[in-house]
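# Structural overview
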Amino acid sequence: MSRRFPVPVVMAGVLLLGLLLPGISRASCLEDIKRLEDLINASGTKTVVSDSCPRDHAGYYESDGKATDRLVICRNNVNLSDVEAVWEVLAHESTHIMQACTGSTAIPDELMPRTYRELQTMAPHYAKLVGRSYASSDQRLEAEAFWMELQTPPVVIDLFQRNCSRFLQPRR
């Protein structure tokens, strides 16, 4: 008899895994990036590299709910040879795709206090940035995205699959 755990219990385990493994390289190889990019594309979102982004953008996600649905990596601001930098952009922006998939947030409400604590502990500069640079209505969404940058590839990929499962199309 198999036992299925409710999503909050599974999410707590994923969050705990992310906390217990902070020393592990985030994107150990290009395969991690390729795997996440394949999932992003399978969700219907195109990945694009641009040379003309604003100076303060490493990347962005934009969707109008119709024709535009893309994740942009800003080559003019991100060294594409730096696997960690590319991973962080993909992890951050894929969180916004997860939020679009769910129509709200990527992390359940009951886990957000833990998520905020982890962000404050692991990357206090991000926690301050979220509080200072974003409107209060966007702070939670950005906290999730900055937290996701700090996670290992299995955590990010698992959360993407869980949040966007109903949109994932098989590869052709």
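Residues numbered from 1 in each chain as written. Predicted model: local features only at pLDDT ≥ 70, side-chain atom pairs only at ≥ 80, totals over all residues. Heavy atoms only, no water.

## What to know about the pattern of salt bridges
All chains considered together, the criterion is met by six salt bridges. For Asp51, the salt bridge is made with Arg75, and the minimal N-O distance between the two is 2.7 Å. Here Asp51, found in the loop between β1 (46-50) and β2 (59-63), pairs with Arg75, found in the loop between β3 (69-74) and α3 (83-102); they are 24 residues apart in sequence, far enough to count as distant. Accessibility expressed as a relative area gives 42% for Arg75, which makes it partly exposed. A salt bridge links Glu62 to Arg70; the shortest N-O distance between them is 2.4 Å. In the salt-bridge network here, residues are joined through shared partners; they are Asp109, Arg140 and Glu144. (Salt bridge = Lys/Arg side-chain N within 4 Å of Asp/Glu carboxyl O. Helix = DSSP H or I, 4+ residues; strand = E, 2+ residues; numbered from the N terminus. Buried < 20%, exposed > 50% of the residue type's maximum accessible area, 1.4 Å probe, protein only.)

## Let's talk about the packing of helix α5 (residues 124-133) against helix α6 (residues 136-149)
Between α5 and α6, the least distance of the axes is 9 Å, while the angle of their chain directions is 160 degrees. Comparing their axes, α6 and α5 come out roughly antiparallel. In this structure, the crossing between α5 and α6 has a hand that is right-handed. Contacts between α5 and α6 pair Tyr126, Leu129, Val130 and Gly131 from the former with Gln139, Glu142, Ala143, Phe146 and Glu149 from the latter. The class makeup of the residues in the contact of α5 with α6 is five nonpolar, two polar and two charged. (Axes fitted to C-alpha atoms, helices over the stretch in contact; angles between N-to-C directions. Parallel < 35°, antiparallel > 145°, perpendicular 65-115°, else oblique. Left-handed = near helix turned anticlockwise from the far one by under 90°. Contact = heavy atoms within 4.5 Å. Nonpolar A, V, L, I, M, F, W, Y, C, P; charged D, E, K, R; others polar.)

## Some points on the confidence of the model for the protein
The pLDDT averaged across the protein works out to 86; a share of 83% of its residues lies at or above 70. Every residue in residues 1-26 is under pLDDT 50, and counting partners more than four places away or in other chains gives 39 contacts. (pLDDT = per-residue confidence, 0-100.)

## Let's talk about the sheet that holds β3
Spatial strand order, β1-β3-β2: three strands in an open sheet with mixed pairing. Each of the sheet's edge strands pairs with one partner strand only, and the pair in question is β1 and β2. When the angles between neighbouring strand axes are averaged without regard to direction, this sheet yields 25 degrees. Across five bridges, the pairing between β1 and β3 is parallel. Each residue of the ladder has a partner; that of Lys46, found in β3, is Arg70. (Pairing = 2+ DSSP bridges.)

## Side note on the side chain of Thr115
Within the secondary structure, Thr115 sits in helix α4 (residues 112-122). Reaching out from Thr115, the side chain makes a polar contact with the backbone oxygen of Leu111 at a distance of 2.9 Å. (Polar contact = N/O pair within 3.5 Å; in protein donor to acceptor, adjacent residues only side chain to side chain.)

## Concerning the state of the cysteines
Taken as a whole and assessed by the stated rule, the structure comprises two disulfides. The disulfide partner of Cys53 is Cys74, and the gap between their sulfur atoms is 2.2 Å. A torsion of -85 degrees about the S-S bond marks the disulfide between Cys53 and Cys74 as left-handed. One end of the pair, Cys53, is in the loop between β1 and β2; the other, Cys74, is in strand β3, with 21 residues separating them in the sequence. Across this residue pair, the class does not change: Cys53 and Cys74 are buried. Linked covalently through their sulfurs, Cys101 and Cys164 form a disulfide whose S-S length is 2.2 Å. (Disulfide = S-S within 2.5 Å.)

## A word on the pairing of β2
Pairing geometry for β2 and β3, over five bridges, is antiparallel. Bridge pairing links Glu62 to Arg70 in β3. Linkage of β2 to β3, two consecutive antiparallel strands, is achieved through a turn of five residues, within which Gly65 is found at a positive phi near 80 degrees.

## Side note on the nonpolar core
Within the largest apolar cluster, 28 residues are counted, with the highest numbers of intra-cluster contacts made by Leu36, Leu90, Ile97, Met98 and Phe160. For this core, the secondary structure elements donating two or more residues are α2 (30-42), β3, α3, α6 and α7 (153-164). Ranked by the residues each element gives to this core, the list is headed by α3, at eight residues. (Core = buried A, V, L, I, M, F, W, Y, C linked by side-chain atoms within 4.5 Å.)

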